[in-house]
Amino acid sequence: KRHLLEAADLDRADATLVLDTAAQIESALAGREVKKLPTLRGRTVVNLFYEDSTRTRISFELAAKRLSADVINFSAKGSSVSKGESLKDTALTLEAMGSDAIVVRHPSSGAPHRLAGWVRGSVVNAGDGTHEHPTQALLDAYTIRRRLGRLDGVRVAVVGDVLHSRVARSNVWLLSTLGAEVTLVAPPTLLPVGVGSWPVQVSYDLDAVLPKADVVMMLRVQLERMNASFFPSAREYSRRYGLDALRLAALGDEAVVMHPGPMNRGMEIAADVADSVRSTIVEQVANGVSVRMAVLYLLLGGASS
Ligand code: CP
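Residues numbered from 1 in each chain as written. Predicted model: local features only at pLDDT ≥ 70, side-chain atom pairs only at ≥ 80, totals over all residues.

### Re the packing of helix α5 (residues 134-148) against helix α6 (residues 166-177)
Where α5 contacts α6, the two axes come as close as 8 Å, and the packing angle between them is 55 degrees. When the interaxial angle is binned, α5 and α6 end up oblique. For the element pair α5 and α6, the recorded crossing hand is right-handed. Contacts between α5 and α6 involve P134, Q136, A137, L138, D140 and A141 on the former and, on the latter, V167, S170, N171, L174 and L175. (Axes fitted to C-alpha atoms, helices over the stretch in contact; angles between N-to-C directions. Helix = DSSP H or I, 4+ residues; strand = E, 2+ residues; numbered from the N terminus. Parallel < 35°, antiparallel > 145°, perpendicular 65-115°, else oblique. Left-handed = near helix turned anticlockwise from the far one by under 90°. Contact = placed C-beta atoms within 7 Å.)

In structure tokens, the structure reads:
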């Protein structure tokens with residue numbers, strides 16, 4: 001494959017190859033003082049971000065640098081985008097300067113697909129609108145497999161603002177491809193129309209789902225995309241769908257708590273739960289670098305073209 005545009009495109013073999021490659025990279029670098037491989041020397045990766053990011057942008061930057069690629073960080077703020085330059089012209093400009101791969105985050109669902117039709121190099125979707133965030137799902141699957149030793153048959157509850165979440169969509173596709181059983185837990189107003197055709201169970205009752213879950217993946221409430229009729233009160237939301245210490249105690253002994261970040265501490269997840277030994281939140285971030293190294297390595301092939 002030349003691009004990574006959506007988790008829905010990945011079959012079981014593709015996804016397993018990414019996870020296994022990430023594991024090999026992680027063990028190759030473990031214990032080394034200089035955490036760097038020469039694989040992408042002479043290649044250029046552009047991070048093209050039209051939306052803010054902390055984890056994904058820095059993680060891709062580190063991943064590319066650890067593979068010895070040159071990295072250009074492009075933020076729409078402060079660029080000629082403010083003068084009206086289009087995504088296409090921006091991408092062609094970057095390619096003319098020698099980019100081999102473009103990692104793109106964009107507020108419009110489908111923007112990475114458009115980009116893939118315009119450039120010769122690889123395109124990696126780093127989050128497009130409410131559509132997909134495939135490398136987040138890959139790093140989440142990697143984290144689950146590392147913690148629980150398997151993905152097949154693992155019961156994953158994805159909780160909260162599914163409506164606005166590209167992370168939820170990518171995880172639904174990827175985790176079900178890898179054999180996990182996904183249950184979405186959300187108020188009816190925060191579930192998308194069409195969820196009935198997704199490979200998931202749906203519940204409105206978090207307390208009923210928690211004792212049966214191996215993984216509880218909390219989603220950020222995306223207040224910036226919210227309308228008062230979707231979301232009447234933070235306190236009421238927290239009471240019904242927030243993960244606090246009392247609810248944490250209802251989980252099985254081996255169950256883990258995940259969150260893609262950034263978190264609204266005190267809303268969808270209590271601070272003591274986010275910081276508990278059950279939480280994989282910091283591990284998810286660390287694993288993200290290995291998984292993104294694997295993605296760049298597999299797409300760019302390691303050899304100059
Ligand atoms: N999880 C995630 O995509 O975080 P950022 O928005 O900080 O990249």
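Now, onward.
### Considering the nonpolar core
With 87 residues, the main nonpolar core has A141, V159, V216 and L296 as its most contacted residues. At nine residues, helix α11 (residues 281-300) tops the list of elements feeding residues into this core. Excluding residues that lie within four positions of it along the chain, A141 makes contacts with A15, L19, L151, L174, L175 and L178. (Core = buried A, V, L, I, M, F, W, Y, C linked by C-beta atoms within 7 Å. Buried ≥ 20, exposed ≤ 12 C-beta atoms within 10 Å, placed from the backbone.)

### Some thoughts on the pairing of strand β8 (residues 215-218)
Of the two faces of β8, the one lined by V215 and M217 and the one lined by V216 and M218 are each fully buried. Across four bridges, the pairing between strand β5 (residues 155-159) and β8 is parallel. Each residue of the ladder has a partner; that of V159, found in β8, is M218. Strand direction decides the pairing type here: β8 and strand β9 (residues 256-258), joined by three bridges, are parallel. Counted as the bridge partner of V215 is V256 from β9. (Pairing = 2+ DSSP bridges.)

### Here we look at the sheet that holds β8
Hydrogen bonds between backbone atoms are what pair the strands of a sheet, whose relative direction is either parallel or antiparallel. Taken together, five strands build an open sheet; the order of strands is β7-β6-β5-β8-β9 and the sheet is parallel. Whereas interior strands pair on both sides, the edge strands pair on one side only; in this sheet they are β7 (201-203) and β9. Within this sheet the neighbouring strands show an average axis-to-axis angle of 20 degrees, counted without direction.

Just geometry here; none of it tells us what the structure is for.
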